[in-house]
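An overview of the molecular structure
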Amino acid sequence: MKRLFPLLLFALVILACGGGEETASEAPETEDVAAAPDIDTDRIWKVRCIACHGLNGDMGTNGAANLQEATSDMAYRVNIITNGSENGVMTAFKDILTPEEIQAMAKHTMQFNENL
Ligand code: HEC
């Protein structure tokens, strides 16, 4: 038993070190953050846009554009999300969302049209 104890201790130290290394190497996580900025477009959609456009973009409340059929480009979408629609029905989001979030949302709306 006297001989086993140092061995056990040695094993424990090795185990502890192994575990430590794993938590220290979080490199993939940092890469993910860089690739996809921390913007939850699904959440923003549900909070800010769903009331008019619906979960799938085709609800059309208040004459909201059907995003499953819309073919407009990114520039048009970024502009309408930033400044609102000319007829004033769609809210301007420039004081609510950051430019990065608006960009991400414009991209998000592209996904509703399967032909894009
Ligand atoms: C108060 C209702 C309302 C809300 C809320 C709303 N929209 Fe709209 N949206 C509209 C209306 C109405 C139009 C059509 C405007 C037009 O044709 O001039 C439109 C048009 C658009 C278009 C242009 C589609 C095209 O190509 O014709 C995009 C993109 C868009 N909305 C995205 C969003 C996003 C993203 C949000 C949330 C951040 C949002 N909308 C929230 C009412 C709304």
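For the structure itself, look to the data block above.
The present account deals with the structure reproduced in this document. All of these numbers come straight from a predicted model, not from anything done at the bench.

Structural notes on the site of the ligand
Near the ligand, the surroundings consist of 22 residues, among which Cys49, Cys52, His53, Ser72 and Met90 are the closest. The side chain of histidine 53 places a nitrogen or oxygen atom 2.8 Å from a nitrogen atom of the ligand. One nitrogen or oxygen atom from the side chain of serine 72 is found 2.3 Å from an oxygen atom belonging to the ligand. The biggest single contributor to the shell around the ligand is helix 3 (residues 41-53), with five residues. Split into classes, the residues belonging to the shell around the ligand amount to 13 nonpolar, seven polar and two charged.

As for the coordination of the iron atom of the ligand
Distances from the iron atom of the ligand to its protein donors, His53 (NE2) and Met90 (SD), fall within 2.0 to 2.1 Å. Considering all six donor atoms around the iron atom of the ligand, the spread of angles at the metal, 85 to 179°, places the coordination shape in the octahedral class. Residue histidine 53 is located in helix 3, and its partner methionine 90 is located in the loop between helix 4 (74-83) and helix 5 (99-110); the two are separated by 37 residues in the primary sequence. Exposure remark for methionine 90: the relative accessible area of 23% places this residue in the partly exposed category.

A short note on the side chain of histidine 108
Take histidine 108: it is sitting in helix 5. On the accessibility criterion, histidine 108 (6% relative accessible area) is buried. A distance of 3.2 Å separates a polar atom in the side chain of histidine 108 from a polar atom in the side chain of threonine 41. Ignoring anything within four residues of it in the chain, the contact list for histidine 108 reads Thr41, Asp42 and Trp45.

Let's talk about the side chain of arginine 77
By secondary structure assignment, the location of arginine 77 is in helix 4. For arginine 77, which is buried and forms no salt bridge, the nearest opposite charge comes from aspartate 73, at a distance of 6.6 Å. Within polar-contact distance, the side chain of arginine 77 engages the backbone oxygen of serine 72 at 3.0 Å.

Here is what the cut-offs are and how they apply
- Residues numbered from 1 in each chain as written.
- Predicted model: local features only at pLDDT ≥ 70, side-chain atom pairs only at ≥ 80, totals over all residues.
- Heavy atoms only, no water.
- Near = heavy atom within 4 Å.
- Polar contact = N/O pair within 3.5 Å; in protein donor to acceptor, adjacent residues only side chain to side chain.
- Helix = DSSP H or I, 4+ residues; strand = E, 2+ residues; numbered from the N terminus.
- Nonpolar A, V, L, I, M, F, W, Y, C, P; charged D, E, K, R; others polar.
- Donors = N, O, S within 2.8 Å, 3.2 Å for Na, K, Ca; no water.
- Tetrahedral: all angles 85-135°; square planar, octahedral: opposite > 155°, others 65-115°.
- Buried < 20%, exposed > 50% of the residue type's maximum accessible area, 1.4 Å probe, protein only.
- Contact = heavy atoms within 4.5 Å.
- Lys, Arg positive; Asp, Glu negative; His and termini not counted.
- Salt bridge = Lys/Arg side-chain N within 4 Å of Asp/Glu carboxyl O.

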